Amino acid sequence: VTWDTSIIFNQLDKDFHILVIMYDISDIINVKQMQIDFLRNASHELKTPITAISGFTKTLLSGAMDDKKSLVEFLKIIDQQSDQLASLVQDVLTISHIQNGTNYVYKPLALHDFVNSELKSYDSMLANNHLTIHNQIPEHVEVNTDTTILTRILRNLVSNAIKYNQPNGEITISYDDNDSYWQLIVSDTGIGIAQKDISRLFERFYRADDSRTKQKVSGTGLGLSIVKEMVDAIGGTIHVKSQRGVGSTFTVEFPLVDEDSQT
Ligand code: ADP
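Throughout, a residue's number is its position along its own chain's written sequence, starting from 1. Only residues with pLDDT of 70 or above have their local features reported here, since the model is predicted, and side-chain atom pairs are shown and tallied only from 80 upward, although totals for entire chains, interfaces and linings are computed over all residues. Neither water nor hydrogens contribute to the side-chain values; these are computed over all heavy atoms in the structure.

Visitor: I tried to follow unusual backbone geometry on my own but got confused; where do I start?
Guide: Trans is the prevailing form of peptide bonds, just as negative phi is the prevailing case for residues other than glycine. In this structure, H130 takes a positive phi of about 50° despite not being glycine. Strands here mean DSSP runs of E at least two residues long; helices mean DSSP runs of H or I at least four residues long; both are numbered from the N terminus. Looking at the secondary structure, you find H130 in the loop between α4 (123–128) and β4 (132–135). Each residue gets one of three labels from its accessible area relative to the maximum for its type: buried under 20%, exposed over 50%, partly exposed in between, using a 1.4 Å probe on protein chains only. When its relative accessible area of 51% is taken as the criterion, H130 is described as exposed. Phi angles above zero are rare outside glycine, and F205 is one such case at about 70°. By the secondary structure assignment, F205 is in the loop between α6 (195–198) and α7 (211–216).

Visitor: Help me out: how do you make sense of the site of the ligand in this one?
Guide: For this purpose, a residue is taken to be near a molecule or strand whenever a single non-hydrogen atom of the residue falls within 4 Å of it. As a matter of local geometry, the ligand sits amid 19 residues, with N160, Y164, R207, T220 and L224 nearest to it. Nitrogen and oxygen atoms within 3.5 Å of one another constitute a polar contact, given that in protein one can donate a hydrogen and the other can accept it, and given that sequence-neighbouring residues count only through two side-chain atoms. In this structure, an oxygen atom belonging to the ligand sits 2.9 Å away from a side-chain N or O atom of N160. One nitrogen or oxygen atom from the main chain of T220 is found 2.7 Å from an oxygen atom belonging to the ligand. For the ligand, whose free accessible area comes to 530 Å², the fraction covered by protein is 98%. Classifying every residue of the shell around the ligand by side-chain character gives 8 nonpolar, 8 polar and 3 charged. Residue burial considers only the protein chains on display, and all accessible areas are found by Shrake-Rupley using a 1.4 Å probe. Ten residues, namely Ala, Val, Leu, Ile, Met, Phe, Trp, Tyr, Cys and Pro, are considered nonpolar, four, namely Asp, Glu, Lys and Arg, are considered charged, and the remaining ones, Gly among them, are considered polar.

Visitor: I tried to follow the confidence of the model for the protein on my own but got confused; where do I start?
Guide: Low-pLDDT stretches of the model should not have their predicted coordinates read in fine detail. pLDDT gives the predictor's per-residue confidence on a scale running from 0 to 100. Averaged over all residues, the pLDDT of the protein is 88; the fraction at 70 or higher stands at 94%. Here the predicted complex carries an ipTM of 0.99, next to a pTM of 0.80.

Structural data, given as structure tokens:
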């Protein structure tokens, strides 16, 4: 615990009073430290693609451009690294947007059709990776939800299920509910997550310590921390079950809310 102290002296006739006021400022210090850590990590993560882009551009300009093979190879790296930079900036903007506080507006939504329309944008990614996706949400299901928040959660989970899948793998999106919540379940037949990584997945910038992941799949390590913050903000929960080499299942529980309610 960190204390901040104020001391007030007061003399009334012969009596001398000392008032000591102590404030517990641990929360303020912790938030400050988290902000400092976040900025330090973000700057570090930004430097990597910037250094690569600038290094490869300079190499091309100083002559490597004349060799067609190097030209194509280096431009591909520059392209990948610019995408990485763009996702990082987008994720950091999303985080600051969440931190500024957002109002959520709940409206009824036909979940099956909504998920189908979201999945359309992944068609080429799925085809390139020989993956199949199944929307098992019953057609009659209607939920009261904030579409912006649901879209962000769904996109992050689906794009991870694609990125960390295996060739000819499958992704299934399903639904369940009970008296107090409804669930969106995204499961994949991908590379899975080691037990030691599961508890840290939702930390900012954390990426599982798996060489396949680190070497082949680009990412910022911010997606799941954004999902967690949004799920917390609407009073929901998120669970992960996973087995390495077999696949992972992410289950998000959304509290049941009345139509048009706002938080
Ligand atoms: P990113 O994908 O940008 O690295 P995320 O925060 O979305 O960041 O995910 C954090 C880490 O969790 C990933 O780097 C990956 O190691 C692991 N992960 C997330 N989703 C899955 C999944 N469906 N299957 C296997 N590993 C996953």
